[in-house]
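Structure assessment
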Amino acid sequence: MKTIEQLTASDTAWYSSNDEDVWTGGPYATREEAEAEAKDNEHRLIMQATKAPVRVSKHFDQGEFFEAAEESLYDLCNEDGDPILDFDPAVNLDLQARVRAAIDEWQVAHQLSPMPWRFSSGDEPEIAAWAKAAEGGDA
């Protein structure tokens, strides 16, 4: 079973496309594979880029949680609207750490590795060798 670090490790691969905003070809393990697939699919561009799967726990924030909880408890407040869940900041941070650990455990238990659509980083797109040759440039 993969650990949370393995499930959310970045992966760098090659991609091909005709549009710098939408990379429809890939991921490919090597540049050579990207070049071959680019030619087969008539994709003019190739690029090496990195994607990082989402670590779901990073999207839990105790501040947002308590804000939403206070809103749902508003009808139970006194006439001044004093908060009910007004805890010491250290206690709130402890909750955040515990909930994030539980979310990580859940993600590992189900081997979830959600992949975002966008790249986290990438090199400059290059014109594929076949496209350069077709234009009369160096392949």
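Below is a summary of the structure that appears in this document. (Residues numbered from 1 in each chain as written. Predicted model: local features only at pLDDT ≥ 70, side-chain atom pairs only at ≥ 80, totals over all residues. Heavy atoms only, no water.)

Looking now at the packing of aromatic side chains. Evaluated as defined, the whole model comprises four aromatic pairs. An aromatic cluster is built from Phe60, Phe65, Phe66 and Phe87, whose rings are joined through pairwise contacts. (Phe/Tyr/Trp six-rings, centres within 6.5 Å; stacked < 30°, edge-to-face > 60°.)

Our next topic: the layout of surface pockets. Considered as a void within the structure, the largest pocket measures approximately 210 Å³ in volume. Every residue along the wall of the largest pocket is listed here: Tyr15, Glu20, Asp21, Val22, Trp23, Met47, Lys51, Trp117, Arg118 and Phe119. Of the residues contributing to the lining of the largest pocket, the split by class is six nonpolar, no polar and four charged. (1 Å grid on protein atoms, 1.4 Å probe; cavity = no way out; pocket = protein on both sides within 12 Å on 5 of 7 lines; lining within 4 Å. Points joined across faces, edges and corners; volume = space filled by probe spheres on them. Nonpolar A, V, L, I, M, F, W, Y, C, P; charged D, E, K, R; others polar.)

Here Lys58 is to be found in the loop between β3 (45–51) and α3 (62–72). Judged by relative accessible area, which is 53%, Lys58 ranks as exposed. (Helix = DSSP H or I, 4+ residues; strand = E, 2+ residues; numbered from the N terminus. Buried < 20%, exposed > 50% of the residue type's maximum accessible area, 1.4 Å probe, protein only.)

The subject of this paragraph is unusual backbone geometry. The omega torsion of the bond from Gly26 to Pro27 falls at 10 degrees, within 30 degrees of zero and hence cis. Residue placement: Pro27 occurs in strand β2 (residues 25–28). We note that Glu42 has phi near 55 degrees; this positive angle belongs to a residue other than glycine. Looking at where Glu42 falls in the secondary structure, it is placed in the loop between α2 (31–41) and β3. Notably, Gln111 is not glycine yet its phi reads approximately 50 degrees, a positive angle. With respect to the helices and strands, Gln111 occurs in the loop between α4 (89–109) and β4 (121–122).

Coordinates in, geometry out; function isn't part of it.
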